[in-house]
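The lines below spell out each chain.
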Amino acid sequence: MPLPIVLWGAAAALGATGIFKGAKAVGNMKEAKEIGENAQVNYDEALNDLEQKKEETNIKLEELGRLKLSIFTHQIKHTIDVIKNSKSKKSSGTLENFESSISIEELKAMEAMVLNSLKLEAGLLSGTAGGALAGFGAYSSVGLLASASTGTAISGLSGVAATNATLAWLGGGSLASGGFGMAGGMMALGGIVAGPALAIGGFMLASKAEEALTKAMEYSAKVDKAVSEIKMIETILDGIQKNADEVIYTLNQLVDRFDSMKVNDDSDPQAFKQMIINTTVLKNVLDCKIIDEQGSPIKNIKHTCQGLLRI
């Protein structure tokens, strides 16, 4: 018996609804997949940019560390050698005709730094000093006299483990394999690295497709937050690089000044005094940190350096 016309109409309406829901489900699934994939691409690009910025920063810190090392083993060493042979040195260990007398303790400290610089230089040549240059570049030269928490002198480190988490991160490993201790503690992005948990092939019903779309949007929001945090870290690394550039420029200016005015003895008291002054200024710049204990760039480095250049 044929179906009544009314039932035919109802069947047609139900079929149309089913087609509509099915099309909507397909659309939701497609949108969810696109959102998830785009978010992952954005995250991967941001992470790659961060790794590149990290490498650039590490190279810049090593450049500064190498320059500091050279100054200790050449300019500072030269001054110490001249002072040790100086007729102007009193038995008390101070220098005559020099208003800001250098004490014997200060001379000993500088000499110890020179000796540790020579050890670090030897370690670099033999390949046993690893990333110690980055730590030396970032921190005060006083670190040459200090020891790491392990009791190992910085000059003998095979990496930057003695420094804070910033340099430990700069010294090795990707963001995914380590932490980044910077202005607020550890940055956990492990949940992002794994990618979107969207089982696209498993969603067959419209309700599941909507769930997939919701999860994709949540994932995208999580990625947006992570990318903004990565950009913040890149800004901090830019600041560290700028600080390093400023100190490198200042040290090179002071080295040129020192070399043009250095003397080999104290036969000319005024010239000898000027060399001591130049050495003191050099040492003050060598003692400048460019990163604080939280891993952020030290502020007002340019102002400090410009002031020292005017001495």
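Residues numbered from 1 in each chain as written. Predicted model: local features only at pLDDT ≥ 70, side-chain atom pairs only at ≥ 80, totals over all residues. Heavy atoms only, no water.

Student: Any chance you could break down the overall build of the protein for me, citing the residues and the numbers?
Tutor: Counting secondary structure elements, the protein contains eight helices and zero strands. Along the chain direction, N to C, the helices and strands of the protein fall in the order α-α-α-α-α-α-α-α. Out of the 311 residues in the protein, the part that is buried amounts to 42%. Considering only contacts within the protein whose residues lie at least 6 apart along the sequence, 79% involve residues at least 24 apart. (Helix = DSSP H or I, 4+ residues; strand = E, 2+ residues; numbered from the N terminus. Buried < 20%, exposed > 50% of the residue type's maximum accessible area, 1.4 Å probe, protein only. Contact = heavy atoms within 4.5 Å.)

Student: Break down the nonpolar core for me, citing the residues and quoting the values.
Tutor: Ranked by size, the top nonpolar core spans 55 residues in total, and within it Ile71, Ile76, Val247, Leu251, Leu282 and Ile290 carry the most contacts. Secondary structure elements with two or more residues in this core: α1 (5-84), α2 (104-126), α3 (132-138), α6 (206-261), α7 (269-286) and α8 (301-309). A total of 16 residues in this core trace back to one element, the largest contributor, which is α6. Those residues in contact with Leu251 that lie beyond four places of it in its chain are Leu64, Leu67, Lys68, Ile71, Leu282, Val285 and Leu286. Among the nonpolar cores identified, the runner-up in size contains eight residues, and Ala32, Ile35, Leu213 and Ala216 belong to it. (Core = buried A, V, L, I, M, F, W, Y, C linked by side-chain atoms within 4.5 Å.)

Student: Which residues make up α7, and what values go with them?
Tutor: Relative to the 26 Å expected for 18 residues at 1.5 Å per residue, α7 spans 26 Å between its end C-alpha atoms, a close match to the ideal helical length. Along α7, the positions that sit buried rather than exposed are Phe272, Lys273, Met275, Ile276, Asn278, Thr279, Val281, Leu282, Lys283, Val285 and Leu286. (Expected span 1.5 Å × (residues − 1).)

Student: Could you give an account of the packing of aromatic side chains, naming the residues involved and the relevant values?
Tutor: Scanning all chains against the criterion turns up one aromatic pair. Across the ring face of Phe136, the terminal group of Lys68 is positioned such that the distance to the ring centre comes to 5.8 Å. (Phe/Tyr/Trp six-rings, centres within 6.5 Å; stacked < 30°, edge-to-face > 60°. Lys NZ or Arg CZ within 6 Å of the ring centre and 35° of its normal.)

Student: Provide a residue-level description of the confidence of the model for the protein, including the pertinent values.
Tutor: Of all residues in the protein, 64% attain a pLDDT of 70 or more, and the chain-wide mean is 72. Scored below 50 in pLDDT, residues 146-165 makes 42 contacts in the model with residues more than four places away or belonging to other chains. (pLDDT = per-residue confidence, 0-100.)

Student: Go over the side chain of Thr250, please, and point to the residues and values.
Tutor: Secondary-structure assignment places Thr250 in helix α6. In this structure Thr250 comes out as buried when scored by relative accessible area, which is 0%.

Student: I'd love a proper account of the pattern of salt bridges, names of residues and values included.
Tutor: For the structure on display, the rule yields 10 salt bridges. As a salt-bridge pair, Lys53 and Asp238 come within 2.8 Å of each other at their nearest N and O atoms. Placement of the pair is Lys53 in helix α1 and Asp238 in helix α6, with a sequence separation of 185 residues. A salt bridge links Glu211 to Lys215, with the nearest nitrogen and oxygen atoms 3.4 Å apart. Taken together, the positions of Glu211 and Lys215, both in helix α6 and four residues apart, correspond to about one turn of that helix. (Salt bridge = Lys/Arg side-chain N within 4 Å of Asp/Glu carboxyl O.)

Student: Explain the state of the cysteines to me, and be specific about the residues and the numbers.
Tutor: As enumerated under the stated definition, the model contains zero disulfides in all. Cysteine Cys288 remains unbridged, with the sulfur of Cys305 as its closest cysteine sulfur at 5.5 Å. Residue class for Cys288 comes out buried when judged on its relative accessible area of 12%. Residue classification places Cys305 among the buried positions, given a relative accessible area of 1%. (Disulfide = S-S within 2.5 Å.)

Student: Any details on α8? Residues and values, ideally.
Tutor: All buried positions along α8 are accounted for by Ile301, Cys305 and Leu308. Across the axial projection of α8, the buried residues extend over an arc of 65 degrees, all falling on one side. Turned more than 90 degrees away from the buried face of α8 sit Lys302 and His303, all of them exposed. (Arc of directions from axis to C-beta.)

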